[in-house]
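# Architecture at a glance
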Amino acid sequence: MVRIGRRRRAPAPDAPHVVVVGAGFAGLATLRALGRSGLRATLVDRNIYSTFQPLLYQVATGGLNPGDVAYPVRSFTGKHGVRFRRGELAGVDTAARTVSLADGGRLGYDYLVIATGVSAAYFGIEGGEKYSRALYTRRDAISLRDHLMAALEEMSIASEPAELVITVVGGGATGVEVAGTLAELRNIALAAAFPEVHRAQVQIRLVELGPALIPPFDTSLRDYAYRQLEKRGVDVRLGTTIREVTPDSVIVADGQSLHSDLTVWAAGVSAPAAAAHWGLPQGRGGRIVVGPDLRVKGQDRIFAVGDIAIAENDPAPQLAQPALQEGRHAARQITRLAAGQPTEPFRYHDKGIMATIGRRSAVVELPHRIRFGGTLAWLAWLALHIVELLGNRNRFSTLLNLSWRYLTWARGGGLIVGDDPPEEG
Ligand SMILES: Cc1cc2nc3c(=O)[nH]c(=O)nc-3n(C[C@H](O)[C@H](O)[C@H](O)COP(=O)(O)OP(=O)(O)OC[C@H]3O[C@@H](n4cnc5c(N)ncnc54)[C@H](O)[C@@H]3O)c2cc1C
């Protein structure tokens, strides 16, 4: 009999083999829920760590160490009796039931779960990918931090006072938290970290195409986020479309060129271009189209979960909660299929949304129209994000580094620094 539980029991050598591609929220939730199912499982990821994306902006702004948001995949697989294979998904042969990896490797599966997440979308905007910095991976966050610190370092030795203009493109939750945190870095930490640079020399601009920030939230919370950013000295420009990005500017729809030394791209996501070679049906934004039970359209042994999946009639938001719930659902359906039972449809249980703007400022929207902003929302946001991190060492180091950040920056507490960014060709 196939069962679901927390701890995996050793599967029989001839038990059906589940291959899960992607060690993010959705992939790990799938494996956790497979638990005592008795199925063999292999996790594939291109990295040897799982990234906690919601705190990447803290790495990018010198508040957290990169290791705080990265959990070693083998710590997870060892604990759950799962095999790990590092590799990048290159294709799926549905007839032979194999996945091929970019390094030439091949893995057979009885059930396959695609949980690869998405990456930054540039919507064909000229220079967007080349001249802006995304914030989707740990490498992105380190690169943004290093470029930011190098620019401030350069300003601190310049013979004439120079200025640094940072443009954040996109007024969703990521854009708002990046702009808010950059403003705090300038307003609070700069004086001690770079005493030669005056805060007036650093400008932070947030550009949003739509008429409001953080669109999924209620109007009262959107307005709150706007006021909080303005209070922190962020130049918020709503209804502004970026037409082109150059090495030192962003050009908006009416042709006006706005100087920008550092452009951060937080304007949207889509499936990576490589997904076109996987041989699976793609929908809006290149995401893999799934049916009501989360099986890929036209496939009876392949599931897609998390950000990469899109249900045709009822798309779930691209957030951690849907990814976790979808991962657990896919695991349950695989166990049902392996036991000869029919699948069940997925239903998303909305537990609410939250976003942070900066110290003592966040917005929370829960079911039943419960909405609040301010310090309480910020504390709830902080607590949830620390609890959600994988591994006690990461929780402890994040708690320590964030406490250090929020309690000492104003009194000269140091930023976390890196090296000069490598020269770019
Ligand atoms: C900066 C930022 C802040 C965010 N903040 C929040 C927040 O506050 N709250 C919230 O709910 N959500 C937030 N999100 C969204 C949330 O992180 C995603 O919805 C969630 O990570 C999706 O989980 P996933 O498992 O689908 O994908 P991911 O977590 O992206 O995991 C995908 C995994 O697949 C691997 N992978 C990718 N391609 C391949 C390949 N070809 N082969 C092998 N492995 C591959 C990756 O290395 C990664 O480990 C944020 C996202 C970002 C980028």
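All values reported here derive from a predicted model rather than from experimental measurement.

### Regarding the overall build of the protein chain
- Along its length, the protein chain carries 10 helices and 25 strands.
- Taken against the 2.2 N^0.38 rule, which gives 22 Å for 425 residues, the C-alpha radius of gyration of the protein chain at 22 Å falls within 12% of a compact globule.
- Across its three principal axes, the protein chain shows a C-alpha extent of roughly 70 × 45 × 45 Å.
- Within the protein chain, the proportion of its 425 residues that are buried is 53%.
- Summarising the internal contacts of the protein chain: among those between residues at least 6 apart in sequence, 65% fall at separations of at least 24.
- Here the protein chain displays about 19300 Å² of accessible surface, and carbon together with sulfur accounts for 51% of that area.
- Across the protein chain, the centroid of the 48 positively charged side chains sits 12 Å from that of the 41 negatively charged ones.

### Looking at the sheet that holds strand S1 (residues 17–21)
- Pairing is parallel across the open sheet formed by five strands, whose spatial order is S5-S2-S1-S9-S21. The sheet is open, and its two borders are formed by strand S5 (83–86) and strand S21 (302–304), each paired with just one other strand. With strand direction ignored, the average angle separating the axes of adjacent strands in the sheet is 20°.
- Bridge analysis of strand S9 (residues 111–114) against S21 gives three bridges, and the strand direction is parallel. Paired with Leu112 across the strands is Ile302, a residue of S21.

### Topic: the pairing of strand S24 (residues 361–366)
- Of all the six residues making up S24, five are buried; the element is thus mostly covered by neighbouring parts of the structure.
- Bridging between strand S23 (residues 353–358) and S24 involves five bridges; their strand directions are antiparallel. Note on S24: the bridge partner recorded for Gly358 is Ser361.
- Counted between consecutive antiparallel strands, the loop separating S23 from S24 contains two residues, among which Arg360 sits at a positive phi close to 55°.
- Bridge analysis of S24 against strand S25 (residues 370–373) gives four bridges, and the strand direction is antiparallel. Bridge pairing in S25 links Glu365 to Arg371.
- A loop of three residues connects S24 with S25, the two strands running antiparallel in sequence, and His368 in this loop sits at a positive phi of about 65°.

### Digging into the site of the ligand
- Around the ligand sit 29 residues in total, of which Ala26, Asp45, Gln53, Leu89 and Asp307 are the nearest.
- Note that an oxygen atom of the ligand is positioned 3.1 Å from one of the backbone N or O atoms of Phe25.
- Between the ligand and the protein, one listed contact pairs an oxygen atom with a side-chain N or O atom of Asp45 at 2.6 Å.
- Out of a free accessible area of 1000 Å², the ligand has 92% covered by protein chains.
- Contributing elements (two or more residues each) for the shell around the ligand: helix H1 (25–34), helix H6 (173–193) and helix H8 (320–338).
- Grouping the amino acids of the shell around the ligand by side-chain chemistry returns 13 nonpolar, 11 polar and five charged.

### What about the packing of aromatic side chains?
- By the definition in use, this model includes four aromatic pairs.
- The cationic tip of Arg138 hangs over the ring face of Tyr49; the distance from NZ or CZ to the ring centre is 4.5 Å.
- The ring of Tyr111 carries the charged tip of Arg301 above its face, separated from the ring centre by 5.2 Å.

### Re the sheet that holds S24
- The strand order across the open sheet built from three strands is S23-S24-S25, with neighbouring strands paired in antiparallel fashion. In the strand order of this sheet, the two ends are held by S23 and S25, each with one partner. Mean inter-strand twist for the sheet, computed between neighbouring axes without regard to direction, equals 5°.
- With respect to the sheet, helix H7 (residues 219–231) is in contact with S23, S24 and S25, its orientation differing from that of S24 by roughly 170°.

### Thoughts on empty space enclosed by the protein
- Per the stated rule, a full pass over the model turns up one cavity of 30 Å³ or more.
- Computed from the structure, the largest cavity encloses a volume of approximately 50 Å³.
- Lining the largest cavity are Leu148, Leu152, Leu164, Ile166, Leu182, Leu185, Arg186, Leu190, Val202 and Ile204.
- Elements with a contribution of two residues or more to the lining of the largest cavity: helix H5 (138–157), strand S12 (164–169), H6 and strand S13 (202–207).
- For the lining of the largest cavity, the class distribution of residues is nine nonpolar, no polar and one charged.

### Observations regarding the pattern of salt bridges
- Tallied over the full model, the rule gives 12 salt bridges.
- Note that Arg46 is salt-bridged to Glu88, the shortest N-O span being 3.9 Å. Of this pair, Arg46 sits in the loop between strand S2 (40–45) and strand S3 (49–51) while Glu88 sits in the loop between S5 and strand S6 (89–93), and the two are 42 residues apart along the sequence.
- The partner of Glu312 in a salt bridge is Lys297, and the shortest N-O contact between them spans 3.1 Å. Linking Glu312 in the loop between strand S22 (309–311) and H8 with Lys297 in the loop between strand S20 (288–290) and S21, this pair joins segments that are 15 residues apart in sequence.
- Judged by relative accessible area, Lys297 falls into the partly exposed class, the value being 44%.
- A cluster of three or more residues bridged by salt bridges with shared partners is formed by Glu184, Arg232 and Arg405.

What counts and what doesn't
- Residues numbered from 1 in each chain as written.
- Predicted model: local features only at pLDDT ≥ 70, side-chain atom pairs only at ≥ 80, totals over all residues.
- Heavy atoms only, no water.
- Helix = DSSP H or I, 4+ residues; strand = E, 2+ residues; numbered from the N terminus.
- Rg over C-alpha atoms; globule rule 2.2 N^0.38 Å.
- Buried < 20%, exposed > 50% of the residue type's maximum accessible area, 1.4 Å probe, protein only.
- Contact = heavy atoms within 4.5 Å.
- Areas by Shrake-Rupley, 256 points an atom, 1.4 Å probe, with all protein chains shown as cover.
- Lys, Arg positive; Asp, Glu negative; His and termini not counted.
- Charge placed at Lys NZ, Arg CZ, Asp CG, Glu CD.
- Pairing = 2+ DSSP bridges.
- Axes fitted to C-alpha atoms, helices over the stretch in contact; angles between N-to-C directions.
- Near = heavy atom within 4 Å.
- Polar contact = N/O pair within 3.5 Å; in protein donor to acceptor, adjacent residues only side chain to side chain.
- Nonpolar A, V, L, I, M, F, W, Y, C, P; charged D, E, K, R; others polar.
- Phe/Tyr/Trp six-rings, centres within 6.5 Å; stacked < 30°, edge-to-face > 60°.
- Lys NZ or Arg CZ within 6 Å of the ring centre and 35° of its normal.
- 1 Å grid on protein atoms, 1.4 Å probe; cavity = no way out; pocket = protein on both sides within 12 Å on 5 of 7 lines; lining within 4 Å.
- Points joined across faces, edges and corners; volume = space filled by probe spheres on them.
- Salt bridge = Lys/Arg side-chain N within 4 Å of Asp/Glu carboxyl O.

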